There are 2 protein chains.
Amino acid sequence: MTDSRGPRIREIPAGEDRERLVCPDCGFIAYENPKIVVGSVCRWDERILLCRRAIEPRIGFWTLPAGYLELHESTQAGAIREAFEEATARIAIDGLLAVYDVPHISQVQLMYRAHLLSPDITPGIESLEVGLFAWDEIPWTELAFPSVEWALHHFHDGLITGDWTPRGNPSGLGPEER
Amino acid sequence: MTDSRGPRIREIPAGEDRERLVCPDCGFIAYENPKIVVGSVCRWDERILLCRRAIEPRIGFWTLPAGYLELHESTQAGAIREAFEEATARIAIDGLLAVYDVPHISQVQLMYRAHLLSPDITPGIESLEVGLFAWDEIPWTELAFPSVEWALHHFHDGLITGDWTPRGNPSGLGPEER
């Protein structure tokens, strides 16, 4: 869409309690909902799969394979699909790693822990480069998003402690600080 | 909206790989995403809060306080809001109880465990009746949705075992069977 068509007027429809995006041409009300991002921290032995982004936002920075859940898709199936799309990685899910709230962009992220079924990976269309990184090789200063760093640390904590209780946002960070 | 306006034609837009809902009047593409439901199992001593639905679907059946996450809302804030909207219940969140995939209706449900800050509850506009139920008083045959039963059992298991590791869908139930 462009800005000049489609739902683009903010008003409170009759019978509602908050503003919605309405199309002045056809009257359609576009209900906006938070989006679900599904992804994974995938290991091969002691190494972790990262993908360098070929798309905005944060093009050129490293991320975990993750993306929007599709309709009629389970969250685990979505995480498996994203790993394949971004790195042609075939993975198996080991459990839920973390649930992150990112309300300022209306996202909820479900991150799984997983292992690669083979070390054969190649960049998908949304990746410039993919790689398997040992812990001390991770490009910490070139990570795409805060939640990538959270997930890597939560995964590492789990490996060390054996406690795989799913994590949430790092404590001490309120919604406004993220 | 009615069926006669707004996005209503299914076609694959240029550059995309799957059908989207497009408005033939203005060209707007309505991207459809799975929705996030947030809710809670709220206790007051040994009793659990249930609400009898005043709205479709499943009007007249009992449910846990839950509903769609709003934009720019954290999942815990959404669960707290829903308990207040449906039962004027003031609650505090104790942790994540479960994540349920319901792909046939494109929902992901995040259910929290919580406790009431006071036993003062009254039906909100979406509830016919609200109540605090001991385990052996729960109206099992009049529950609104399968996930309500799952969450009640997962909560009860946690109370008995002390293990609050978040649960997923009951094992043995594939997406097609739910």
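Residues numbered from 1 in each chain as written. Chains lettered and ligands numbered in written order. Predicted model: local features only at pLDDT ≥ 70, side-chain atom pairs only at ≥ 80, totals over all residues.

**Re unusual backbone geometry**
Here Glu56(A) and Pro57(A) are connected by a cis peptide whose omega angle stands at -5°. Tracing the chain through its elements places Pro57(A) in the loop between strand S5 (47–53) and strand S6 (62–63). Notably, Asp45(B) is not glycine yet its phi reads approximately 55°, a positive angle. Looking at where Asp45(B) falls in the secondary structure, it is placed in the loop between strand S4 (35–44) and strand S5 (47–53). Phi at Thr88(B) is positive, roughly 40°, even though this residue is not glycine. On the secondary structure map, Thr88(B) appears in the loop between helix H1 (75–87) and strand S8 (91–102). Given 14 C-beta atoms within a 10 Å radius, Thr88(B) is considered partly exposed. (Helix = DSSP H or I, 4+ residues; strand = E, 2+ residues; numbered from the N terminus. Buried ≥ 20, exposed ≤ 12 C-beta atoms within 10 Å, placed from the backbone.)

**Considerations on the domain arrangement of chain A**
Taken domain by domain, chain A consists of domain 1 (1–32) and domain 2 (35–163). Each of domain 1 of chain A and domain 2 of chain A has a C-alpha centre, and the two are 34 Å apart. (Domains from an automatic or database assignment.)

**A closer look at the sheet that holds strand S3 (residues 29–30) of chain B**
Residues and elements named next belong to chain B. Reading across from one edge, S1-S2-S3 is the order of the 3 strands in this open sheet, with antiparallel pairing throughout. Here the strands that pair on one side only, and so sit at the sheet edges, are strand S1 (9–11) and S3. One ladder, built from 2 bridges, connects strand S2 (residues 20–22) with S3; its direction is antiparallel. Within S3, the residue paired with leucine 21 across the bridge is alanine 30. (Pairing = 2+ DSSP bridges.)

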